[in-house]
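Structural overview
Residues per chain, in single letters:
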Amino acid sequence: MWKLKIAEGGNEPYLFSKNNFCGRQTWEFDPDAGTTEEREEVEAARRRFWDNRRGRVKASSDLPLQFQFLREKNFKQTIPRVKVGEGEEVTYEAATAALRRSIRFFGALQASDGHWCAENCGVNFYTPPMVFALYITGHLNTVITAEHRKEILRYTYCHQNEDGGWGLHIEGQSMMFCTVLNYVQMRLLGEGPDGGEENACERARKWILDHGTATAISSWGKTWLAILGVYEWDGCNPMPPEFWVFPTIFPMHPGNSLLVSQ
């Protein structure tokens, strides 16, 4: 079972902090942690998210974090839920009760060092470069444990669009950049050509082939593919460093073209 650790890192030889690691949050897997009920609670949340991943809620809502914090603090909500019917006047008492209930709940979710933890969700190209770098340097199987691999793949599957691709962010329409990166990531993490949840790799590859192949990827993507040895450096778009001094509104500014499919 995964457990969130707060403001820790002092025992790691290559990690330093000027504020005693305040605000640092890391997940650690302990195969012996948690009761049967606690594990079932997490699995039930995962199933609900998977079943409703195409709905209005795209992020995890930090439910594993909430389960842990509320359990550790033995939190019990003592303020009744306020319900205001349609056409009913919102009274001062009702608003005050709702506010107090919210404050009490979010107070229980505050970490021990004073900050509030949250999932860093949104863009779909954060994790693949990390996986690529570990693979290139030969440390993929050293740093990424079997449990980390499982969770990276779970996140990837959960945010795959119905058409087989991935958007720039978890609610975006599919684009070549993120689709190629996530496809390559799945393959490097051990999935076969047609593997993954609901044939994730096969569906992603079909989207790529149907939309111009991976050669239609943007500049960042071409660079990563070349580094991985699956694309020729000659095909990468040249970006003279002087271009960075252009105003950001200039069409040739690298920041405007790195993520845009060529």
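Residues numbered from 1 in each chain as written. Predicted model: local features only at pLDDT ≥ 70, side-chain atom pairs only at ≥ 80, totals over all residues. Heavy atoms only, no water.

Let's shift gears to the environment of Pro80. Relative to the assigned elements, Pro80 resides in the loop between helix H2 (63-72) and helix H3 (92-108). According to the relative accessible area criterion, Pro80 is exposed, its value standing at 60%. Each C-alpha atom of the pair Pro80 and Tyr135 lies 52 Å from the other, and the pair is 55 residues apart in sequence. (Helix = DSSP H or I, 4+ residues; strand = E, 2+ residues; numbered from the N terminus. Buried < 20%, exposed > 50% of the residue type's maximum accessible area, 1.4 Å probe, protein only.)

Bringing the side chain of Thr156 into the picture now. Among the secondary structure elements, Thr156 is positioned in helix H6 (residues 146-158). Look past the residues within four positions of Thr156 in its chain and what remains in contact with it is Trp166, Asn182, Gln185 and Met186. (Contact = heavy atoms within 4.5 Å.)

Although it is not a glycine, Asp62 adopts a positive phi angle of roughly 55 degrees. Along the chain, the position of Asp62 falls in the loop between helix H1 (36-51) and H2. Although it is not a glycine, Asn74 adopts a positive phi angle of roughly 50 degrees. Mapped onto the fold, Asn74 is located in the loop between H2 and H3.

Only one face of strand E1 (residues 2-6) is covered, namely the one carrying Trp2, Leu4 and Ile6; the face carrying Lys3 and Lys5 has none of its residues buried. Note: E1 against strand E2 (residues 25-29), 5 bridges, orientation antiparallel. Of the residues in E2, the one forming a bridge with Trp2 is Phe29. (Pairing = 2+ DSSP bridges.)

Mapped onto this numbering, the UniProt entry gives "domain: Squalene cyclase N-terminal" (unreviewed entry) at residues 101-253. Across residues 101-253, the secondary structure splits into 45% helix and 3% strand, with the terminal C-alpha atoms separated by 49 Å. (UniProt positions renumbered as here; feature names shortened; annotations may be inferred.)

Glancing now at the side chain of Gln185. Here Gln185 lies in helix H7 (residues 176-188). Filtering out sequence-adjacent residues up to four positions away, Gln185 remains in contact with Thr127, Pro128, Val131, Phe132, Ile152 and Thr156.

This part covers the environment of Glu191. Its place among the elements puts Glu191 in the loop between H7 and helix H8 (200-210). Residue Glu191 is classed as buried on the basis of its relative accessible area of 19%. Counting along the chain gives 10 residues from Glu191 to Cys201, while the straight-line C-alpha distance between them is 7.5 Å. Beyond its immediate chain neighbours, meaning those up to four positions away, Glu191 contacts Leu153, Tyr157, Met186, Gly196 and Cys201. Separated by 2.3 Å, the side chains of Glu191 and Tyr157 make a polar contact. (Polar contact = N/O pair within 3.5 Å; in protein donor to acceptor, adjacent residues only side chain to side chain.)

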